[in-house]
Amino acid sequence: MRILAAALSVFVATALVPDPVAAADATKRTLPYYASISASRARMRTGPARTYPASWLYQRQDLPIKVVAIYKEWRKIADPDGTEGWMQANLLSGTRTAIVHGADPVELREKPNAGSRLLWRAAPGVVGRLSQCGSGWCRMDVKGQAGFVQIGGLWGVEAGEMLP
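## Here's the deal with the overall build of the chain
- Of regular secondary structure, the chain possesses two helices and 14 strands.
- The buried share of the chain, reckoned over its 164 residues, is 35%.
- Taking the contacts inside the chain whose residues are at least 6 apart along the sequence as the reference set, 55% of them involve residues at least 24 apart.
- Approximately 9,900 Å² of the chain is accessible, and the part contributed by carbon and sulfur atoms is 56%.

In structure tokens form, the structure reads like this:
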């Protein structure tokens, strides 16, 4: 019984320790890069520590952001409006999302071409998860409703970018 308890405690201790290789890989990414806010409430701060005042409180999970600098466990981000500040890395996710920007809705189509059947439209401000990006189109999933959208109407993906 003691051997099982000791093995379990080693397993739990190992599971709770952050993977230094994964952490090192995250800091070696080419800047800037897109990510998203993973928390339902996330504070942006004026500097890379909790001692700096909060400048903004985000209450929108999956909002796309652009990481422009890295300092230890902090990421300097830019939001879709261009506001910049620092956020703890554990509040961010590698999940790729985008927000519809501009004054007009974007069309979500059945296939990645303008002649494909129109499925629905997404209004400015709508956030969705991205996949299958290529040739100027991305598949965008908005709470289970998905279609292909031209990336010109989105913030959170660059022209020419490829995503699986």
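## What to know about the nonpolar core
- Grouped together as the largest cluster of nonpolar side chains are 18 residues, with contacts concentrated most on Ile 37, Ile 65, Val 67, Ile 77, Met 87 and Leu 92.
- Those elements giving two or more residues to this core turn out to be strand S1 (33–37), strand S2 (42–45) and strand S4 (64–71).
- Sort the elements by how many residues they give to this core and S1 lands first, with four residues.
- What Val 67 contacts, discounting residues up to four positions off in sequence, is Leu 31, Pro 32, Tyr 33, Ala 35, Arg 75, Lys 76, Ile 77 and Leu 92.
- Membership of the second largest hydrophobic core comes to 14 residues, among which are Val 100, Val 106, Leu 130 and Val 149.

## Topic: the confidence of the model for the chain
- Mean pLDDT over the chain works out to 87, with 83% of the residues at or above the 70 mark.
- Taken as a whole, residues 1–25 scores under 50 in pLDDT and shows zero contacts with residues more than four places along the chain or in a different chain.

## Here's the deal with the pairing of S1
- The element S1 is largely enclosed, with a buried count of five among its five residues.
- Inspection of the sheet shows S1 paired to S4 by four bridges, in the antiparallel sense. Paired with Tyr 34 across the two strands is Lys 66, which belongs to S4.
- Examined bridge by bridge, S1 and strand S7 (residues 92–93) share two bridges and lie antiparallel to one another. Pairing of Ser 36 across the sheet is with Ser 93, part of S7.

## So, the packing of aromatic side chains
- Using the criterion set out here, one finds two aromatic pairs in the structure.
- Relative to Trp 155, the ring of Tyr 34 has its centre 5.4 Å away and its plane inclined at 90°; by these criteria the two rings are edge-to-face. Of the two residues, Tyr 34 is situated in strand S1 and Trp 155 in strand S14 (residues 154–155); the sequence distance between them amounts to 121 residues.
- Residue classification places Trp 155 among the buried residues on the basis of a relative accessible area of 17%.

## Comments concerning the pattern of salt bridges
- Considering all chains together, one arrives at seven salt bridges under this definition.
- Taken together, the salt bridges that share partners define one network made up of Glu 107, Arg 109 and Arg 121.

Rules of the game
- Residues numbered from 1 in each chain as written.
- Predicted model: local features only at pLDDT ≥ 70, side-chain atom pairs only at ≥ 80, totals over all residues.
- Heavy atoms only, no water.
- Helix = DSSP H or I, 4+ residues; strand = E, 2+ residues; numbered from the N terminus.
- Buried < 20%, exposed > 50% of the residue type's maximum accessible area, 1.4 Å probe, protein only.
- Contact = heavy atoms within 4.5 Å.
- Areas by Shrake-Rupley, 256 points an atom, 1.4 Å probe, with all protein chains shown as cover.
- Core = buried A, V, L, I, M, F, W, Y, C linked by side-chain atoms within 4.5 Å.
- pLDDT = per-residue confidence, 0-100.
- Pairing = 2+ DSSP bridges.
- Phe/Tyr/Trp six-rings, centres within 6.5 Å; stacked < 30°, edge-to-face > 60°.
- Salt bridge = Lys/Arg side-chain N within 4 Å of Asp/Glu carboxyl O.

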